[in-house]
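Okay, here's what each chain looks like letter by letter:
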Amino acid sequence: MNKNATSTFSGGYGAEYRELVKLGTPVLVTQAGIITVNFADTMMVGAHSTEELAAAAFVNSLFVVATVMMIGFAAGMIPLVGALFGRGDTRGAGLTLKAGLQVNLCMAAVFTIVMGGLYFFLDCFGQPEELMPFVRPYFLTVLCSLIPVSLFNVFQQTANALNSTKMPMWIILSANALNIFGNWLLIYGHLGLPELGLLGAGLSTLAARVAGAVAIVAVYRRNKRYRPYIEAFRERVPLGSVRLKVWTTSYPVMIQNGVECALWTLGAIVCGWFGKLQLAAYQVVNTMAQLGFMIYISFGVATSIRVANFTGVDDFVSIRRSASAGLHITLLLATAASLFFYFGGSPLIGLFTPDADVVRIGHTLIIPLVLYQYGDAVQLTYANALRGTGDVKPLLWVAIVAYIVVGVPSMLLLGDVAGLKSVGVYYSFSAALFVASMLLWLSFRRAVNRLECQFASY
């Protein structure tokens, strides 16, 4: 490589890789902490009983839709605040934070009401009857945590848009440590506390989520870095137009996240049709699958931040370069994740449960788990890059086509009709993710071209 080529690389993609790693690594550590808690929950509950493990799989699969939709709704803050941050508009960012918090808390209240109503229909999902005594109290406990989760999400995503990804990382890691310690106390009844099993895991999660929300608000109020934004936050000015902008940017992301997650929730329900062993194995492998997801979403968030910052200053060359650099990183990491699952997946399954039948079924899911890593990596990269441009409406039709038109029939055909059970469910994920990847790539290209044409017409 000659000197000119080396200089071009170091000043272009080389610099972009460094920025993405700088932003993405704290998000990755944060995601790793979340996955560690999920691993700990699954291992601790699975060691307590297989019935509780299956019950946790069912409840978590229902709540993951609401939780991920709320995360997606809060992620609408990134393109708005990120573009303002790129222009140096701290007052605008602070007012957007205030409007975003109001809108997000209203949405969290709606989700709490909807999920609360769902409680009365839990026996209509065709799950094994013996799981219901574990399902119901755990469901109610997780329900209580939705509003603190929403509050934390808004401040976290705003911090991310301000290129401050380390602060939420430390808070989440601390909350995770509290969660794991609470699990040890309440699942098994240590230090004289009652042995609550799955309910204890739910109470521990609730306590950790409340603590995280309180902590991030305290940091914003006390840390000098966020003082200009909090000063703007305290202003009493009409925010109707800002709230509308937050809603317009956020709801397509929320729906896209929800439709995608709904496919995985349907997967849990379909696996439950085949008995508690299939459902428990699905839960274990799904927990493992989050290892790959947490890596890709971390650098997807970093890509979204960079694209939003460059969109704020109309730097279209850098927008494209950021997306490409993010894709390079996630494809490399998808290869590493695939190798890890292929060679280390079976021993890892055994760590979650002592039930030999669950381990045997989980082993059959390794190959389809490996297969969908690349689709997941690509779709997360371009979904986040598209969010960064602020042109989020294509996320709606992409989600409908990929996850409903392709994903649902594939799952029912492979899992139920073809009799492949949980294996068929996992292969259907690959089909949906690869379709989503292609459509999101095309949508991102069109979005950037559209922005460039609008800029040229001014």
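A closer look at the overall build of the protein
A tally of helices and strands in the protein yields 18 helices and zero strands. At 22 Å, the protein has a C-alpha radius of gyration in line with the 23 Å of a compact globule built from 458 residues. Each of the three principal axes of the protein carries a C-alpha extent, and together these read 65 × 50 × 40 Å. Expressed as a percentage of its 458 residues, the buried residues of the protein come to 56%. Considering only residue pairs separated by 6 or more positions, the protein has 84% of its internal contacts joining residues 24 or more positions apart.

Digging into the nonpolar core
By size, the foremost hydrophobic cluster in this structure holds 141 residues, and its most contacted members are Tyr220, Met288, Tyr403, Tyr426 and Phe429. Element by element, the count of residues in this core is highest for helix 12 (residues 276-312), at 19 residues.

Points about the packing of aromatic side chains
Within the structure shown, the criterion is met by 19 aromatic pairs. Ring plane angle 45° and centroid distance 5.8 Å describe the contact between Tyr119 and Phe139, whose orientation is recorded as tilted. Pair noted here: Tyr119 is in the loop between helix 5 (90-118) and helix 6 (132-143) and Phe139 is in helix 6, with a separation of 20 residues, a long-range link. Ring centres 6.3 Å apart and planes at 80° place the aromatic pair Tyr372 and Phe429 in the edge-to-face group. Remark: Phe429 occurs in helix 18 (residues 422-457) and Tyr372 occurs in the loop between helix 15 (366-371) and helix 16 (373-389); sequence separation between them is 57 residues. Pair check on accessibility: Tyr372 and Phe429 agree, each one buried. Taken together through their ring pairs, the aromatic side chains of Trp264, Tyr282, Tyr372, Tyr426 and Phe429 make up a single cluster. It is Arg136 that lies over the ring of Tyr119; its NZ or CZ is 5.6 Å from the centre.

Section: the pattern of salt bridges
A pair can form between side chains of opposite charge whenever their charged atoms are brought close. Tallied over the entire structure, the rule returns six salt bridges. Measuring nitrogen to oxygen at the nearest pair gives 2.8 Å for the salt bridge that ties Glu452 to Arg320. Of this pair, Glu452 sits in helix 18 while Arg320 sits in helix 13 (residues 316-352), placing them 132 residues apart in sequence.

Side note on the state of the cysteines
Here the structure, examined in full by the defined rule, presents zero disulfides. Looking at Cys144, it has no disulfide partner, and the nearest cysteine sulfur is the one in Cys106, 19 Å off.

As for the side chain of Gln156
Following the sequence through the fold, Gln156 ends up in helix 7 (residues 146-161). Non-local contacts of Gln156, meaning those with residues more than four positions away in its chain, are made with Thr30, Pro168, Ile172 and Ile216.

Observations regarding helix 13
In an α-helix, one full turn covers 3.6 residues, which means residues spaced three or four apart are oriented alike. In this model helix 13 runs just 47 Å from its N-terminal to its C-terminal C-alpha over 37 residues, more than 12% under the 54 Å that 1.5 Å per residue would give. The principal kink in helix 13, of about 65°, is found at Gly344, preceding the proline Pro347 by one to four residues.

Things to note about the environment of Glu52
You can see Glu52 is positioned in helix 3 (residues 50-75). Each C-alpha atom, one on Glu52 and one on Leu239, is 46 Å from the other, the two residues being 187 residues apart in sequence.

Quick notes on unusual backbone geometry
Unusually for a residue other than glycine, Asn163 sits at a positive phi of about 65°. Here Asn163 shows up in the loop between helix 7 and helix 8 (166-188). Residue class for Asn163 comes out partly exposed when judged on its relative accessible area of 27%. A positive phi is found at Asp314, a non-glycine position, where the angle reads about 60°.

About the criteria used
Once a new chain begins, its residue numbering starts again from 1 and follows that chain's sequence as written. Since the coordinates come from a predicted model, pLDDT governs what is reported: local features require at least 70, and pairs of side-chain atoms require 80 or more to be given and counted, while whole-chain, interface and lining totals use all residues. Hydrogens and water molecules were not included; the side-chain quantities draw on all heavy atoms of the structure. A helix here means a DSSP run of H or I that spans at least four residues, while a strand means a run of E at least two residues long, and both kinds are numbered starting from the N terminus. When we talk radius of gyration, it's over C-alpha atoms, and the globule rule is simply 2.2 Å times the number of residues to the 0.38. When a residue's accessible area, from a 1.4 Å probe over protein chains only, is under 20% of the maximum for its type it is buried; when over 50% it is exposed; and in between it is partly exposed. Contacts are assigned to residue pairs with any non-hydrogen atoms lying within 4.5 Å of each other. Residues belong to one nonpolar core when they are buried, are Ala, Val, Leu, Ile, Met, Phe, Trp, Tyr or Cys, and are joined through side-chain atoms within 4.5 Å. The pairing test for Phe, Tyr and Trp rings, Trp by its six-membered ring, is centres within 6.5 Å, and the orientation test on the planes gives stacked under 30 degrees, edge-to-face over 60, and tilted for anything in between. Throughout this description, the term charge over a ring refers to an Arg CZ or Lys NZ atom that lies within 6 Å of the ring centre and within 35 degrees of the ring normal. Think of a salt bridge as a Lys or Arg side-chain nitrogen and an Asp or Glu carboxyl oxygen that are within 4 Å of each other. The rule for a disulfide is simple: a pair of cysteine sulfur atoms within 2.5 Å. By definition here, a helix of n residues has an expected span of 1.5 Å times n minus one. A residue's bend is simply the angle between two axes: one fitted to the seven residues ending at it, one to the seven starting at it.

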